[in-house]
Amino acid sequence: MVRFPIGDDTEGLTRRGLLRGAAGLAATGLVGAGLVGAGPAGATATQADRGGTLMVTVPAEPPHLCSAFDSNMGPCLIGSKVLEGLIAFAPDLSPIPVLARSWDISDDGLTYTFALRENVLWHDGHPFTADDVVFSFREAWSVLHPFGRTAYANVVAAEAIGPHQVVFRLSAPAPYLMSYMNVFGAQVLPRHVYEGTDIRRNPANWAPVGTGPFRFVEWRHGSHVRLERNAAYWRAGLPYLDSIVFRFIPDPLARALALRSGQLHMAVSSAIAYPNLRLFDDPDRYTIDGGDGTFLFSQFLLHFNMRQPVLADRRVRLAMQAAIDRDRLLALAFAGHGKAADGPLPSTLAKFHVPATGGGYDPALSERLLDEAGLPRRVDGVRLRVALDFIDTVNIHIPEFLRQQLRQVGIRLDLRVGDLASYLRRIYTDETYDMALNTAHALPDPSLGLQRLYWSKSIVRGVPWSNGARYANPDLDRIMETAARDGDTARRWADIRQWQEIARRDLPILNLIEQQWVTVADNRVLRPSRQADGLFASYADVSLAAQATPA
Amino acid sequence: MTGAAAIALTRQGLYRLGYNLLTRILPIVAGVACFNLLIMHVMTGDAADVLAGNAGGATAQELARLRHEFGLDQPFAQRFLGYLWAVLHGDLGLSQTQGVPVAGLILARLPTTFLLMGVSLTFSLLLGVGLGVLGARHPGGWTDGLVSGLILTLYAMPSFWFGLMAIVLFSVKLGWLPSGGLDSLEQVPEGWAWAADRLKHLLLPGLTLANFHIAVYARLTRGILLDIEREDFVRTLRAKGASAGRILLFHMLPNAALPILTMVGLQMAALFGGSVVVESVFGLPGLGRLILDALLSRDMTLLTGILLVSSVMVTVINLLLDLLFFLIDPRVRSGAGMSPDRLGQEGE
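Procedures and definitions
- Residues numbered from 1 in each chain as written.
- Chains lettered and ligands numbered in written order.
- Predicted model: local features only at pLDDT ≥ 70, side-chain atom pairs only at ≥ 80, totals over all residues.
- Heavy atoms only, no water.
- UniProt positions renumbered as here; feature names shortened; annotations may be inferred.
- Helix = DSSP H or I, 4+ residues; strand = E, 2+ residues; numbered from the N terminus.
- Buried < 20%, exposed > 50% of the residue type's maximum accessible area, 1.4 Å probe, protein only.
- Areas by Shrake-Rupley, 256 points an atom, 1.4 Å probe, with all protein chains shown as cover.
- Lys, Arg positive; Asp, Glu negative; His and termini not counted.
- Charge placed at Lys NZ, Arg CZ, Asp CG, Glu CD.
- Pairing = 2+ DSSP bridges.
- Axes fitted to C-alpha atoms, helices over the stretch in contact; angles between N-to-C directions.
- Phe/Tyr/Trp six-rings, centres within 6.5 Å; stacked < 30°, edge-to-face > 60°.
- Lys NZ or Arg CZ within 6 Å of the ring centre and 35° of its normal.
- Polar contact = N/O pair within 3.5 Å; in protein donor to acceptor, adjacent residues only side chain to side chain.
- Contact = heavy atoms within 4.5 Å.
- Expected span 1.5 Å × (residues − 1).
- Arc of directions from axis to C-beta.

- An unreviewed UniProt entry annotates chain B as Peptide/nickel transport system permease protein originating from Nitrospirillum iridis.
- Under the UniProt heading Sequence similarities (unreviewed entry), the entry covering chain B gives this text: "Belongs to the binding-protein-dependent transport system permease family."
- Regarding chain B, the relevant UniProt record gives this comment under Subcellular location (unreviewed entry): "Cell membrane".

- With an unreviewed UniProt entry as reference, chain A is termed Peptide/nickel transport system substrate-binding protein, source organism Nitrospirillum iridis.
- According to its UniProt record, chain A has this under Sequence similarities (unreviewed entry): "Belongs to the bacterial solute-binding protein 5 family."

Shown next as structure tokens:
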């Protein structure tokens, strides 16, 4: 029943001596228990279920398939079946071995040693070695990757010790580092394909060569990407599927109808819009699952432009928070998938999250705060008029709901929808905006995903996804910088608690919803092992049952 | 017509085509290039914004380097003249976001769009003319009423909605036709099965793209037939005892051919435009989606390239139709400067 770790998992056990701490234990046999989900997702393939073509759709056609220099989800949804990372994450976020068979972190947190899998071949037949990892780190992750530049800031050197061992040496501890070494944050590229080229322009970004269970076959732009079984995959006997086809259907309703008509087996990454989920509420035929994006810890949020005089007043920002009923927003616009947010960190990141004591829905408080801020209702009942910017892919019910809620307390909201290009330009370059909606990934550690949103050093005019609120607080800067290189767990957690306190008090960002990335699948799709980074799972052990299995 | 006269006529026709090509295509190239650069100039955000946004971020230096590479830091006039110069040398440039030649990207998408346009044109002509004939049989009768109702419905229905409803009915409820895509990707058929499969995939999108023009052709045909019915030659034919079917097929419809052909010329442009919506709903890898992608990613060279190619194509098709009029209709030859558009009006 439990299929993971597969292949040389026994080696993992014998190497338990090498592994230190909770992460190490979880990486071995203990992981298995957490890997088995419920329902058809928990069923495993029988011999009869080998073969077949899995038809999947994603929300949008990605610009390329390489994640080694790109922090967006799109490329990795497909690329993760072809290329691999050093580790992956179990549902409880403990690391699972992938290309790294085991690892050792020194007591001072300054040396990370990874033992790599032997006898792994790239799809073009070259052997995979430590040089590939070192190359990927030096040329892509640490210099080209937008988050990697921060995540690997403390790593001063990566060295290959023999063909199957890599050592990362750090200048200061980076307690979050292991939370980023999966295919999304540390995708291993073939050195022999990329060396000496402009990595971001290398043709392999559009026709990847990897070590994963599926090899790239074709990309028909505007239509689909086809992958086929890698017969030489290092996990013996896998993958089960003959091929995977990712289809690109721009219209959201047409995507839902294609899944409903049986032309597709699966829609990942919330490719089915929330209002259309009810087309799939028959549990005998479909499984709706919000667990595949746990690793991202995404939050749907609203950030204020702190450089607008009215919004620079903290009372106005708090008034907005009190005017918005996040539970109703969740029910109306997210079909109940996810959770109302209560602060900068998602509650699902339980290790660090401190529950909020206030900040709930309270329209009376909101009006009082606006009065205090010197914004009385005028004759027409309006106190304040502000604009809200959002990208055209955002479900329109969300801004409409916010407009209705804020109208109750006398704030008139002008909705300004734009495509990605005009949104980015208005927010990050022209700065001609009041408030903006956005989705941000906190990732399993706040130093990785959240710091850039609050850090004054990431206020860089013209750079997309930087500190859009233009919020600057030297105290918080110092706390975040300390937290990013503190090896002492207790002290670090205290810092992160204080970080949440300050973020809640100053409220440059109003977190609305802890977002889920919903996967809708035909019950014929069997996915035995579950991962926190399930969006980026390799699908090696995914199979298609000949018959639909009831949930 | 003697042999010499036929040769003279053909030569005259070719001169006409050549002259029209020069006087129409060149201004179109310059106009489209200028118009596009202008649009891109006033649009918020550029290709560098999108590239950095899509990659999850970039440094300020990288953004500056990208803008320099794309020539976005050059003055407007320089960009315009540079582009025009390259196009006149047959070079559509490199796509800013994909870094590959624009011509290749367009060529890869053209067959799908042409196929879709062909199916759609066939649908609109057959169904449109058929409905028109049906409506003209007994004007004011119940068939005419039914046809008029249908025409109005088709006329008023937005094509994306028509497409989605067609998917709901034929794919989801009945399961007869695929909901989208160009081929069956799960099991790839070969040979004749492949061709049949491709046709099956194009039925719904073709019909969706045709729905508006079915109505247009039906109205046009009905009107012309009712007009011609009153003409002397029809009465004479009837008096001679020719059958109704024969009169319709060999005498009345050929008279309706010119205005209908004129409408085909107009429809070509509409087909290119409509393909943007239909290809999005049915997930077809055609030119229409490339336009949308180019616009969203602010890929100026790609967008200009597509618009250039499609407007040149629409012009060429119209010039060929023009030549066809010239060859088949004596009125165009004698009446100097008589354009097909005016012929269309004359038919009503």
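## Brief notes about the overall build of chain B
Here's step 1: When its secondary structure is counted, chain B shows 14 helices and zero strands.
Here's step 2: Each helix (α) and strand (β) of chain B, taken in turn from the N terminus, gives the series α-α-α-α-α-α-α-α-α-α-α-α-α-α.
Here's step 3: Across its three principal axes, chain B shows a C-alpha extent of roughly 85 × 60 × 40 Å.
Here's step 4: Counting only residues that meet the buried cut, chain B has 47% of its 348 residues in that class.
Here's step 5: Counting every atom, chain B has about 16900 Å² of accessible surface; 69% of that belongs to carbon and sulfur.
Here's step 6: When the 23 basic and 23 acidic side-chain charges of chain B are each reduced to a single mean position, those positions are 10 Å apart.

## Digging into the sheet that holds strand 7 (residues 165-170) of chain A
Residues and elements named next belong to chain A.
Here's step 1: Reading across the sheet, the four strands line up as 4-5-7-6 and stay open at both edges, with antiparallel pairing between neighbours. Where the open sheet ends on each side, the last strands, each with one partner, are strand 4 (100-105) and strand 6 (155-160). Strand-to-strand, the axes of this sheet are offset by a mean angle of 15°, without reference to chain direction.
Here's step 2: In the sheet, strand 5 (residues 111-116) pairs with strand 7 via five bridges, with the strands oriented antiparallel.

## Examining the packing of aromatic side chains
Between two aromatic rings, the relevant description is the distance of the centres plus the angle of the planes.
Here's step 1: The full count for this structure, using the stated rule, is 21 aromatic pairs over all chains.
Here's step 2: Between the aromatic rings of Phe 280 of chain A and Tyr 286 of chain A, the centroid separation amounts to 5.0 Å while the plane-to-plane angle is 90°, which identifies the pairing as edge-to-face. Across the pair, exposure class does not vary: Phe 280 of chain A and Tyr 286 of chain A are buried alike.
Here's step 3: An angle of 40° between the planes, with centres 6.2 Å apart, marks the rings of Phe 170 of chain B and Trp 176 of chain B as tilted.
Here's step 4: A connected cluster of aromatic rings, assembled from ring pairs, spans Phe 114, Phe 137, Trp 141, Tyr 152, Phe 168 and Tyr 180 of chain A.
Here's step 5: For the cation-ring pair, Lys 81 of chain A lies above Tyr 539 of chain A, with the distance from its terminal atom to the ring centre recorded as 4.0 Å.
Here's step 6: Over the ring of Tyr 155 of chain B we find Arg 219 of chain B, and its NZ or CZ is 5.2 Å from the ring centre.

## Quick look at the side chain of Asp 445 of chain A
Residue and element names in this part refer to chain A.
Here's step 1: Along the chain, the position of Asp 445 falls in the loop between strand 17 (435-441) and helix 14 (446-449).
Here's step 2: A polar contact of 2.9 Å, which involves the side chain of Asp 445, links it to the backbone nitrogen of Ser 447.
Here's step 3: Setting aside chain neighbours within four positions, we find Asp 445 in contact with Tyr 176, Phe 352 and Arg 492.

## Some details on helix 12 (residues 397-408) of chain A
Residue and element names in this part refer to chain A.
Here's step 1: Across its twelve residues, helix 12 extends 17 Å between first and last C-alpha, which sits within 8% of the 16 Å expected from 1.5 Å per residue.
Here's step 2: For helix 12, the complete set of buried residues consists of Ile 398, Pro 399, Phe 401, Leu 402, Gln 405 and Leu 406. Taken end-on, helix 12 shows its buried residues confined to a sector of 155°, consistent with a single buried face. In helix 12, those exposed residues whose orientation departs by more than 90 degrees from the buried face are Arg 407 and Gln 408.
Here's step 3: Gly 410, located one to two residues past helix 12, shows a positive phi value of around 90°.

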